[in-house]
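# Summary of the model geometry
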Amino acid sequence: MSYRIQPFETLPLKHYFMFGQVFQDPKICQMFLEELFHWPIEKIEYVHREKDLTDSYFAHGVRLDIYIRNSDLVYNVEMQSERDDDLLKRIRYYQSSIDREELKQGVPYRNLPETYVIFICDYDPVGTGRACYERQMTWKDEPLTYDDGTHVILLNSFYTRENTSSAILELLDYIRTNDDAAEYSSELVNQAKEHVKAIRQDKGLGATYMLLESKMQEYMKRGEMIGLEKGEAIGRQKGEAIGLEKGE
């Protein structure tokens, strides 16, 4: 299966490169978070695109799409354009990586900030049609919330149940359809759409994108070749074993 490079001029918001470029803008992030959580965000302290949280040579690599700090809250916003059956386990690993990043050696556990891991999925990650899924943990057999300061939000662009703000619903519609001609009422989506148009016309970013995608294509081809070689070697071994058995 060959890796197809999508033309930069038609790149949708759900593509990892476009999503990173648009959401690293503090205004877009602020509007998105305020619409999602319905609380004011005075100032976004920093926005890291593709923040690397790998803390050991032997550790599994973690590169977060968008890493945001606001006072004593940390937000990680991710775009998931394809179905991932390991999504919940990946969220668990991301959360632990964020905690290690935030809690330096010698600092008490109480200093860990509230964290929100948010995945915008271009499919229904749970399967019940909600536009917004929010994890809530409780103690077994008790009507009490288990509150460790971690939160998980999954957004579903293929929603059938509208349980979030109209602006977030419009953003999900735009992600699903990539329809630049559609009219939107929210400032969030109109700003995002303008960013997308401007980025598509940026020749410098276009060159960077093509370089990254060419490398990705090269890695995929290399992986396919390694897979074919291993498959052929296994096939030869099995064939030789069968031949020996029949010869006996």
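The coordinates are above.
Residues numbered from 1 in each chain as written. Predicted model: local features only at pLDDT ≥ 70, side-chain atom pairs only at ≥ 80, totals over all residues. Heavy atoms only, no water.

### Some details on the pattern of salt bridges
In plain terms, the rule: Salt bridges are counted wherever a side-chain nitrogen of Lys or Arg sits within 4 Å of a carboxyl oxygen of Asp or Glu. Under the DSSP-based scheme used, a helix requires at least four consecutive residues in state H or I and a strand at least two consecutive residues in state E, with every element numbered from the N terminus. When a residue's accessible area, from a 1.4 Å probe over protein chains only, is under 20% of the maximum for its type it is buried; when over 50% it is exposed; and in between it is partly exposed.
Under the counting rule described, the total for this entry stands at 6 salt bridges. Between Glu101 and Lys51 there is a salt bridge; the shortest N-O distance is 3.4 Å. On the criterion of sequence distance, the pair formed by Glu101 in helix α3 (residues 87-102) and Lys51 in strand β1 (residues 46-52) is long-range, its members being 50 residues apart. Look at Glu101 and you get partly exposed, because its relative accessible area is 26%. In this structure, Arg90 engages Asp84 in a salt bridge whose closest nitrogen and oxygen atoms are separated by 3.0 Å. Overall, the relative accessible area of 22% leaves Arg90 in the partly exposed class.

### What to know about helix α1 (residues 16-23)
Most of α1 sits out of view: 7 of its 8 residues are buried. All of the buried residues along α1 are Phe17, Met18, Phe19, Gly20, Gln21, Val22 and Phe23.

### Digging into the sheet that holds β1
Short version of the rule: For two strands to pair, DSSP has to find at least two bridges joining them. For helices, the fitted line uses only the C-alpha atoms of the stretch in contact; every axis is such a line through C-alpha atoms, and the angle between N-to-C directions lies from 0 to 180 degrees.
Overall, mixed pairing links the 6 strands, which are arranged β1-β2-β3-β4-β6-β5 in an open sheet. The sheet is open, and its two edges are formed by β1 and β5 (132-134), each paired on a single side. Direction aside, the axes of adjacent strands within the sheet are offset by 20 degrees on average. Sheet analysis places β1 next to strand β2 (residues 63-70), joined by 6 bridges and oriented antiparallel.

### What about the nonpolar core?
To keep it simple, the criterion reads: Grouping buried Ala, Val, Leu, Ile, Met, Phe, Trp, Tyr and Cys residues that are joined through side-chain atoms within 4.5 Å yields what is termed a nonpolar core.
With 46 residues, the main nonpolar core has Phe23, Phe32, Ile118 and Ile120 as its most contacted residues. When residues of this core are traced back to their parent elements, those giving at least two are α1, α2 (26-37), β2, β3 (73-80), β4 (114-121), β6 (150-156), α4 (166-177) and α5 (187-200). Counting residues in hydrophobic clusters, the runner-up holds 15 residues, among them Leu53, Tyr94, Phe119 and Cys121.

### Some details on a nonpolar patch on the surface
Rule in force here: Each patch is built from residues lacking any salt bridge and having more than 30% relative accessible area; the joining distance is 9 Å for like charges and 5 Å for nonpolar side chains (Val, Leu, Ile, Met, Phe, Trp, Tyr). Here the accessible surface of atoms and residues is derived via Shrake-Rupley with a 1.4 Å probe, and residues count as covered only by protein chains that are part of the display.
On the surface, Trp139, Leu144 and Tyr146 cluster together into a nonpolar patch covering about 330 Å² of accessible area. Tracing the sequence through the fold places Leu144 in the loop between β5 and β6.

### Topic: the packing of aromatic side chains
We count it as follows: Paired rings are identified among Phe, Tyr and Trp, the last through its six-membered ring, by centres lying within 6.5 Å, and are further divided according to the angle between planes into stacked (under 30 degrees), edge-to-face (over 60) and tilted (the rest). Sitting over a ring, as applied to charges here, requires NZ of Lys or CZ of Arg to be within 6 Å of the ring centre and within 35 degrees of the ring normal.
Counting across every chain of the model gives 13 aromatic pairs. Centre to centre, the rings of Tyr75 and Tyr116 are 5.4 Å apart; their planes meet at 25 degrees, and the pair counts as stacked. With Tyr75 in strand β3 and Tyr116 in strand β4, the pair connects residues that are 41 residues apart, well separated along the chain. Taken together, the aromatic side chains of Phe37, Trp39, Tyr75 and Tyr116 make up a single cluster linked through ring pairs. Above the ring of Phe17, the side-chain terminus of Arg49 is found at 5.0 Å from the ring centroid. It is Lys51 that lies over the ring of Tyr67; its NZ or CZ is 5.3 Å from the centre.

Honestly, it's all geometry; don't read function into it.
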